[in-house]
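Structure assessment
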Amino acid sequence: MSDPWAGRLVIPGAPDGPPAGTTLAETLEGFLGWQAARWPRLARARDALAGVRVWEVPVGRPACRVQWNPDRTLSTTARVDPASVAARPCFLCPGALPEEERGLAFGADAVILANPAPILPDHLVFVARAHVPQAVGAALPLLLAVAATLGGRFSAFYNGPRCGASAPDHLHVQAVRGGVLPAERAAVDGPGPDDRLLVVRPDLTAWSLQGQGRPALAFQGRADRVASALGVAVETLGQLRPDAPEPLLNLLAVGRPQGVLALLFPRAAHRPACFFDEGPARLTVSPGALDMAGEIVAVREEDFQALDGSRVASIFSEVSLDPGRVRALEDALARRLYDG
Ligand SMILES: [Zn+2]
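Just so it is clear, the structure is predicted and the values come from calculations on it, not from any experiment.

Looking at the zinc ion, one finds its protein donor set to be Cys90 (SG), Cys93 (SG), His131 (ND1) and His170 (ND1), positioned 2.0 to 2.3 Å from the metal centre. Metal-centred angles of 104 to 120° between the four donor atoms at the zinc ion mark the site as tetrahedral. Taken in sequence order, the residues that donate to the zinc ion follow the motif C-x2-C-x37-H-x38-H. Here Cys90, found in the loop between helix 4 (82–86) and strand 3 (104–106), pairs with His170, found in the loop between strand 6 (154–159) and strand 7 (172–177); they are 80 residues apart in sequence, far enough to count as distant. His170 matches Cys90 in its accessibility class, with the two residues each being buried.

Below you can see the structure in the form of structure tokens.
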């Protein structure tokens, strides 16, 4: 059978391909410019992102940011119930990509694409070559490989199929420019004095960030140790709702000189009640990993104007795991990581 990705993949440094950098991170920056020059929709989106209005809301340290980004309307309001997903062509499969879109191979099983509706600069999507469902077990190795390969130049992230992924039917992780997201900046130097330490070992530190207005667990250390600790965390979180196919969560991972930093945001709901409100209380906010990491996307101007600190805090509290269960998760994790 012919490869459905043939004709979509380009080779860095080839005559008809993007420039080759000395690292993959550098190649990807070149690829985005090359792709934008050949895909007017991406070029317009990149220009629009540069002018996007942003303000800070006093939630967390560093403070969260709210951006007004109407280009995200399709993703934010995407219907992700199984019937709606089954009724549309998969927009991450090569057959349905826009004519101009090209990709780079990432290992044998994934392809790197430009996200045509970026939330932050250098927004990429790493899609599995095969049309297989979005699932944390399959996404974790891909997420950590992306983070470890790209170093700190990019922040990789995962949206669960019921926690922000607008393509729950096709395995993918994403990445944006590194060092920008408030939660990443809060964790990158290791646990702060107010954070709750869960385990400190020579090759792994795990802690729970405090004072951020939403629960977040951090894991820093050797990539394989972080991978297994995240596996334990996902399993422990899953035990809280054994009937669900996978726990509700978002993940963020960034390469560090000594390994990888990963953040896990345990969730209780995909969308806050205000998303479904028919009246003036409606706020079209549908949190995924980037919102949880402190870059909150508002697609309508009235939402952007309305999203102050107290509304953001209340949305975070509604879509996050409740403090009692978070505490139970932390206790269980501390025991299991200490024993392991
Ligand atoms: Zn697909």
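The subject of this paragraph is the nonpolar core. One finds Leu28, Phe126, Phe219, Leu230, Leu251 and Leu264 to be the most contacted residues of the largest nonpolar core, which totals 57 residues. The greatest single-element share of this core, amounting to nine residues, is contributed by helix 5 (residues 136–150). Ranked by size, the runner-up nonpolar core spans 37 residues in total, among them Leu120, Leu283, Met292 and Ala293.

With that settled, consider the packing of aromatic side chains. Taken as a whole, this structure holds five aromatic pairs when the rule is applied. Between the aromatic rings of Trp68 and Phe304, the centroid separation amounts to 6.3 Å while the plane-to-plane angle is 25°, which identifies the pairing as stacked. Taken together, the residues Trp68 in strand 2 (residues 64–68) and Phe304 in helix 10 (residues 301–306) connect sequence positions 236 residues apart. For Phe304, a relative accessible area of 1% translates into the label buried. Among the aromatic residues, those joined into a ring-pair cluster are Trp55, Trp68 and Phe304.

With respect to burial, strand 7 is a largely interior element, five of its six residues being buried. Bridge count for strand 5 (residues 124–128) against strand 7 is four bridges, and the pairing is antiparallel. The residue of strand 7 that forms the bridge with Phe126 is Val173. Two strands pair when backbone bridges link them, and strand 6 and strand 7 are joined in this way by four bridges, in the antiparallel orientation. Pairing of Phe157 across the sheet is with Gln174, part of strand 7.

Take the pairing of strand 9 (residues 204–209) next. The element strand 9 is largely enclosed, with a buried count of six among its six residues. Because side chains alternate across strand 9, one face comprises the buried residues Leu204, Ala206 and Ser208, and the other comprises Thr205, Trp207 and Leu209, equally buried. The sheet contact formed by strand 8 (residues 196–201) and strand 9 spans five bridges and is antiparallel. When the sheet's bridge partners are listed, Val199 is paired in strand 9 with Ala206. Between the antiparallel neighbours strand 8 and strand 9 lie two residues. By the bridge criterion, six bridges tie strand 9 to strand 10 (residues 216–221) in an arrangement that is antiparallel. Pairing of Trp207 across the sheet is with Ala218, part of strand 10. Taking the residues between adjacent antiparallel strands as the criterion, strand 9 and strand 10 are bridged by six residues, where Gly211 takes a positive phi near 75°.

Within the open sheet, the three strands sit side by side as 1-2-13. Their pairing is mixed. Both edges of this open sheet fall to strand 1 (53–57) and strand 13 (295–298), since each of them pairs with a single strand only. Looking at each pair of strands side by side, their axes are set apart by 25° on average, direction ignored. Strand direction decides the pairing type here: strand 2 and strand 13, joined by four bridges, are parallel. Bridge assignment links Arg65 to a residue of strand 13, and that residue is Glu295.

Cut-offs and rules
- Residues numbered from 1 in each chain as written.
- Predicted model: local features only at pLDDT ≥ 70, side-chain atom pairs only at ≥ 80, totals over all residues.
- Heavy atoms only, no water.
- Donors = N, O, S within 2.8 Å, 3.2 Å for Na, K, Ca; no water.
- Tetrahedral: all angles 85-135°; square planar, octahedral: opposite > 155°, others 65-115°.
- Helix = DSSP H or I, 4+ residues; strand = E, 2+ residues; numbered from the N terminus.
- Buried < 20%, exposed > 50% of the residue type's maximum accessible area, 1.4 Å probe, protein only.
- Core = buried A, V, L, I, M, F, W, Y, C linked by side-chain atoms within 4.5 Å.
- Phe/Tyr/Trp six-rings, centres within 6.5 Å; stacked < 30°, edge-to-face > 60°.
- Pairing = 2+ DSSP bridges.
- Axes fitted to C-alpha atoms, helices over the stretch in contact; angles between N-to-C directions.

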